[in-house]
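The chain contents come next:
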Amino acid sequence: MRADTLRAKQLLEQEDLTCALCLGEASYTSRARGVAPLLSFLDDGICLKGFSAADKVVGAGAAYLYVLLGVRELWAGVVSDAAKKVLTRFGILPHYDVLVPTIRNRAGDGLCPIEMAVADATDPQDALVRIRRRLAELKK
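Bear in mind that the values here come from a model prediction, so they are computed numbers and not experimental data. (Residues numbered from 1 in each chain as written. Predicted model: local features only at pLDDT ≥ 70, side-chain atom pairs only at ≥ 80, totals over all residues. Heavy atoms only, no water.)

**Student:** Just checking my understanding: could you explain the side chain of Ser-80 for this structure?
**Tutor:** With respect to the helices, strands and loops of the structure, Ser-80 is situated in strand β4 (residues 73-80). Residue class for Ser-80 comes out buried when judged on its relative accessible area of 0%. Those residues in contact with Ser-80, other than ones at most four positions away along the chain, are Val-58, Gly-59, Ala-60, Leu-99, Val-100, Pro-101, Thr-102, Ile-103 and Glu-115. (Helix = DSSP H or I, 4+ residues; strand = E, 2+ residues; numbered from the N terminus. Buried < 20%, exposed > 50% of the residue type's maximum accessible area, 1.4 Å probe, protein only. Contact = heavy atoms within 4.5 Å.)

Here you go:
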């Protein structure tokens, strides 16, 4: 694992974050849940190309967002099979503690709605559209 990835993982664990991204001395962190921090980074136009990331849980939706952000390497506590495939396909080196078939929803009684939304996405931009659409539906 790259030094930046180890630093991001250390930040994540020590500061009780949901995600951390590091490159050299630069870092971005969040305590927001789900894909919210990743969408914020995208919406704010923050350039994260070449950064390493650490995240608590990464499903396929988050994986596609990390691709769009330009992340180079990622560590996660939990990664879904679909997320691992997305990360690998787009050249992001994945590290994780636990690989699961799918990500569960927050209630634990079904599949994650974001993971379901991107299940048959064809590329990161398509996934982004699907994620935003699903989040809008969930807010209703």
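Next comes the rest of the description.
**Student:** Got a minute to help me understand the packing of helix α2 (residues 36-43) against helix α3 (residues 60-69) in this structure?
**Tutor:** Any two packed helices are characterised by how steeply their axes cross, that is the angle between the axes, and by the distance between the axes. At a minimum axis separation of 10 Å, α2 and α3 run at an interaxial angle of 25°. By the criterion of interaxial angle, the relationship of α2 to α3 is roughly parallel. As α2 packs across α3, the resulting crossing turns out to be left-handed. Facing Leu-38, Leu-39, Phe-41 and Leu-42 of α2, the residues of α3 in contact are Ala-62, Leu-65, Tyr-66, Leu-68 and Leu-69. Residues that form the contact of α2 with α3 fall into these classes: nine nonpolar, no polar and no charged. (Axes fitted to C-alpha atoms, helices over the stretch in contact; angles between N-to-C directions. Parallel < 35°, antiparallel > 145°, perpendicular 65-115°, else oblique. Left-handed = near helix turned anticlockwise from the far one by under 90°. Nonpolar A, V, L, I, M, F, W, Y, C, P; charged D, E, K, R; others polar.)

**Student:** Can you help me understand the sheet that holds strand β1 (residues 19-23) in this one?
**Tutor:** Sheets are built from strands paired through backbone hydrogen bonds, the pairs being either parallel or antiparallel. Read across the open sheet, the five strands follow the order β2-β1-β3-β4-β5; overall the sheet is mixed. Here the strands that pair on one side only, and so sit at the sheet edges, are β2 (26-30) and β5 (93-100). For this sheet the average axis-to-axis angle between neighbouring strands, irrespective of direction, equals 10°. In terms of strand pairing, β1 meets strand β3 (residues 52-58) through four bridges, oriented antiparallel. Residue Cys-19 lies in a different strand from β3, and its bridge partner there is Asp-55. (Pairing = 2+ DSSP bridges.)

**Student:** When you look at the packing of aromatic side chains in this model, what are you seeing that I'm missing?
**Tutor:** A ring pair, where both rings are aromatic, is described by two values, the distance of the centres and the angle of the planes. Overall, the coordinates contain three aromatic pairs when judged by the stated rule. Between Tyr-28 and Phe-41, the ring centres sit 6.0 Å apart and the planes meet at 65°, which makes this aromatic pair edge-to-face. Remark: Phe-41 occurs in helix α2 and Tyr-28 occurs in strand β2; sequence separation between them is 13 residues. Judged by relative accessible area, which is 29%, Tyr-28 ranks as partly exposed. For Phe-41, a relative accessible area of 8% puts it in the buried group. Their ring planes at 55° and their centres at 5.8 Å tell us that Tyr-28 and Phe-51 sit as a pair that is tilted. Within this pair, whereas Tyr-28 is found in strand β2, its partner Phe-51 is found in the loop between α2 and β3, the two being separated by 23 residues in sequence. For Phe-51, a relative accessible area of 6% corresponds to the buried category. Ring-pair connections join several aromatic residues into one group, and the members of that group are Tyr-28, Phe-41 and Phe-51. (Phe/Tyr/Trp six-rings, centres within 6.5 Å; stacked < 30°, edge-to-face > 60°.)

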